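Examination of the molecular architecture
Listed here are the chains, written in short residue letters.
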Amino acid sequence: VQLQAFGGGLVQAGGSLKFSCAASGRSTTMGWFRQAPGKEREFVAAFRWREYLADSVKGRFTISRDNAKNTVYLQMNNLKPEDTAVYYCAAGDRLILSTITEGRMYDSWGQGTLVTVSS
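These notes cover the structure that comes with them. Since this is a predicted model, take the numbers as computed values, not measurements.

Summed over all chains, the structure comprises one disulfide. Residue C21 pairs covalently with C89 via a disulfide, S to S 1.9 Å. Note on the C21 and C89 pair: the S-S dihedral is about -85°, so by sign convention the disulfide is left-handed. Placement of the pair is C21 in strand β3 (residues 17–23) and C89 in strand β9 (residues 85–92), with a sequence separation of 68 residues. Summarising the burial analysis for this pair, C21 and C89 share the class buried.

On to the nonpolar core. The biggest cluster of nonpolar side chains holds 37 residues, and the ones touching the most others in it are W32, L74, M76 and Y87. In this structure, L74 is in contact with L17, K18, F19, W32, V44, A45, F61, T62, I63 and Y87, ignoring residues within four places of it in sequence.

What follows concerns the pairing of strand β6 (residues 50–53). Bridge count between strand β5 (residues 42–48) and β6: four bridges; the pairing is antiparallel. Paired with R48 across the two strands is R50, which belongs to β6. With antiparallel pairing between neighbouring strands as the criterion, β5 and β6 make up a hairpin whose turn holds one residue, including W49 at a positive phi of roughly 65°.

So, on to the side chain of S108. Mapped onto the fold, S108 is located in strand β10 (residues 108–109). A relative accessible area of 10% places S108 in the buried class. One polar contact links the side chain of S108 to the main-chain carbonyl oxygen of V1, over a distance of 3.0 Å. If sequence neighbours within four positions are ignored, S108 has contacts with V1, L3, C89, A90 and A91.

Throughout the structure, instances matching the rule amount to six salt bridges. Taking the shortest distance from any N to any O, the salt bridge between R34 and E42 comes out at 2.6 Å. A residue is classified by how much of its surface remains accessible, and R34, at 5% relative accessible area, is buried. With its nearest N and O atoms 2.7 Å apart, the salt bridge here joins R60 to D83. In this pair, R60 sits in the loop between β6 and β7 (61–66) while D83 sits in the loop between β8 (71–76) and β9, placing the two residues 23 residues apart along the sequence. Taking the relative accessible area as the measure of exposure, R60 reaches 8% and is therefore buried. A network of salt bridges, in which partner residues are shared, links R34, E42, R60 and D83.

Rules of the game
- Residues numbered from 1 in each chain as written.
- Predicted model: local features only at pLDDT ≥ 70, side-chain atom pairs only at ≥ 80, totals over all residues.
- Heavy atoms only, no water.
- Disulfide = S-S within 2.5 Å.
- Helix = DSSP H or I, 4+ residues; strand = E, 2+ residues; numbered from the N terminus.
- Buried < 20%, exposed > 50% of the residue type's maximum accessible area, 1.4 Å probe, protein only.
- Core = buried A, V, L, I, M, F, W, Y, C linked by side-chain atoms within 4.5 Å.
- Contact = heavy atoms within 4.5 Å.
- Pairing = 2+ DSSP bridges.
- Polar contact = N/O pair within 3.5 Å; in protein donor to acceptor, adjacent residues only side chain to side chain.
- Salt bridge = Lys/Arg side-chain N within 4 Å of Asp/Glu carboxyl O.

Read these as spatial facts, not as claims about activity.
Shown next as structure tokens:
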């Protein structure tokens, strides 16, 4: 499965951005990870029948999915400077729910897209 992500950019703190990620085929799980400068890649959100969110983004981010379009969306509201990172879309079919936050379990990755949140 090939993934193509759209969105990202520069926004002021408190602002909003929306990502979309289109897949070339169907995957059971689609999600988003991010990597800030000098930090490890971390889980942000995933969708598999329902949404799964990292604690750091709960109440601010939502993930949704359009199965007919093989597309997943990440709506990011009330952005904070600590949300600044390169965001990656990911997809996989071999995950079980206990591994949904583990990047190593995803088989396909999109190109990274930079989000910069200014204070």
